[in-house]
Amino acid sequence: MNATPIQDLARPAAALKGLPADFRWGVATSAYQIEGAAAEDGRTPSIWDTFCRVPGAVEGGEHGDVACDHYHRMPQDVELIAGLGVDTYRFSLAWPRIQPGGRGPGNTKGLDFYKRLVDELHGRNITPWITLYHWDLPQELEDAGGWPARDTAYRFADYAAIAYDALGDSVEHWTTLNEPWCSAVLGYDAGVHAPGRKDFGDSIRAVHHLLLGHGLASRRIREAAGDNPLELGITLNLGTATPETDSEADREACRRADGQGRRLYLDPLVHGRYPEDVVADLALRGAELPVQDGDLEIIANPLDVLGVNFYRGALFSGVTESGSPADENGLPVTRGVPRDLPRTAMDWEITPTELTDLLLGLQEDYAIPTVITENGAAFDDTVAADGSVPDADRTAYLADHLAAVAEARAQGADVRGYFAWSLMDNFEWAYGYDKRFGIVRVDYDTQVRTLKDSAKWYRDTIGLTREAR
């Protein structure tokens, strides 16, 4: 990891210019990463509960059985959120807690937990922002085929209807899916996320059924909402694709990367069609999107907002390191090229100006209001002798990315909010508890929460920005 001198990281809290009075400030979490209580009050296993038990799948054999124990510490955690000065809290619902097994009626005890959470948030003047699916598919549905199976999309719509029926009167902001690319590609092709399958064809079938599930769920929610206020969207993990050189091969590599990382999702969501060049690229690998009549109309149910999760941009080459335009399978090369840039503890390049580029590109191509629903970084935090957690690297990361958001707005992008990832250190999927993204430190032995310096900076920056209006 490239080291950056501490003096170069200093970012004192200051008012951010150019953000409107109604700009949303938030923090974000997900259910499996923080809740714990994995087998309490009727919750059944998800694919992550199962995946964590696969030898070697997760660092240290760790799991989310306890995580941050948020299920039992929720009121105190809401008090912590309120102390940060944010106005919005984005969290996900656990499907197997609300609808055990992924079929049948809702689970009263599970729904009651989220009702209490929403009430606590409203009591602190914090807006709840619900994500319906952050990767915790009920294991029974995976056993029946998972996201590569069309029926899962319909099961998701049923679950969404149960959740909205219970919480819709109190919650206006709803996100269907978090990062369907991760669910499909990391879960069904790369096999590094639950359920750990490795079949490219299955992953592409999962892409379509995730999007179909989004459309079906959106229709059910809009029908149930009637005249109630509703802001409904989806969250995608998005980056930028920059060619290493101006060669045709490198530009083609970027086209492929952008096609399968961005346009494969946004074109059907917004324009009601899959991009022809991407469909052709998939066919080269023997994969086909299982589109049936009427699917694309369902998927293109209007979006009120697009959630953008941004962590990095990337440089691409269309040739191997030895200069060949084809890989060992004879397919065109799409190779990420490392750059001499500072990196996070995830070994991800830090590229804040590319967030500005992304937001401007989204505005030009899709013209949907956006909210940064996740942005943050893992670093190797240490606790100082006085108990504080100095994390100038994370503070600098947040400051530079917020500046990139402000710059995008100044150039015409309709960005309406920023949610820091994450509220607190948590279970980081296949990395277990090894990587810490939180602006609040969690001592996993005691469950004590401690504001890191980045949390204090974020709180003060929000306050100063509001005062300056």
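What counts as what
Residues numbered from 1 in each chain as written. Predicted model: local features only at pLDDT ≥ 70, side-chain atom pairs only at ≥ 80, totals over all residues. Heavy atoms only, no water. UniProt positions renumbered as here; feature names shortened; annotations may be inferred. Core = buried A, V, L, I, M, F, W, Y, C linked by side-chain atoms within 4.5 Å. Buried < 20%, exposed > 50% of the residue type's maximum accessible area, 1.4 Å probe, protein only. Helix = DSSP H or I, 4+ residues; strand = E, 2+ residues; numbered from the N terminus. Contact = heavy atoms within 4.5 Å. Polar contact = N/O pair within 3.5 Å; in protein donor to acceptor, adjacent residues only side chain to side chain. Pairing = 2+ DSSP bridges. Salt bridge = Lys/Arg side-chain N within 4 Å of Asp/Glu carboxyl O.

- With an unreviewed UniProt entry as reference, the protein is termed Beta-glucosidase, source organism Streptomyces niveus.
- Per UniProt, the protein carries the Sequence similarities (unreviewed entry) text "Belongs to the glycosyl hydrolase 1 family."
- Entered under Catalytic activity (unreviewed entry) in the UniProt record, the comment concerning the protein runs "Hydrolysis of terminal, non-reducing beta-D-glucosyl residues with release of beta-D-glucose."

Topic: the nonpolar core
Okay, so step 1: Core analysis: the biggest nonpolar cluster contains 134 residues, and Trp48, Leu93, Trp174 and Tyr458 have the highest contact counts within it.
Okay, so step 2: When residues in this core are grouped by element, the largest group, nine residues, is from helix H9 (residues 200-225).
Okay, so step 3: Those residues in contact with Trp174, other than ones at most four positions away along the chain, are Leu93, Ile130, Leu132, Ala163, Tyr164, Leu167, Gly168, Leu230, Glu231, Leu232 and Gly233.
Okay, so step 4: Judged by nonpolar contacts, the second largest core, of five residues, contains Ala153, Ala157, Leu212 and Leu216.

Considering the side chain of Thr176
Okay, so step 1: In this fold, Thr176 is placed in strand E4 (residues 173-178).
Okay, so step 2: When its relative accessible area of 0% is taken as the criterion, Thr176 is described as buried.
Okay, so step 3: In this structure the side chain of Thr176 is engaged in a polar contact, spanning 2.7 Å, whose partner is the side chain of His214.
Okay, so step 4: Once you skip the residues sitting within four places of it in the chain, Thr176 turns out to touch Thr131, Leu132, Tyr133, Phe156, His214, Ala217, Ser218, Leu232, Gly233 and Ile234.

Examining the pairing of E4
Okay, so step 1: Among the six residues in E4, six count as buried, and that is most of the element.
Okay, so step 2: In the sheet, strand E3 (residues 127-133) pairs with E4 via four bridges, with the strands oriented parallel. Of the residues in E4, the one forming a bridge with Thr131 is Thr175.
Okay, so step 3: Sheet analysis places E4 next to strand E5 (residues 231-237), joined by four bridges and oriented parallel. Residue pairing in the sheet places Thr175 in a bridge with Gly233 of E5.

Description of the pattern of salt bridges
Okay, so step 1: For the coordinates displayed, the defined rule picks out 39 salt bridges.
Okay, so step 2: Note that Asp295 and Arg150 form a salt bridge whose closest N and O atoms lie 2.8 Å from each other. Of this pair, Asp295 sits in helix H12 (residues 295-299) while Arg150 sits in the loop between helix H6 (139-143) and helix H7 (151-167), and the two are 145 residues apart along the sequence. We note that Asp295, like Arg150, is buried.
Okay, so step 3: The salt bridge partner of Arg394 is Asp391, with a shortest N-O separation of 2.8 Å.

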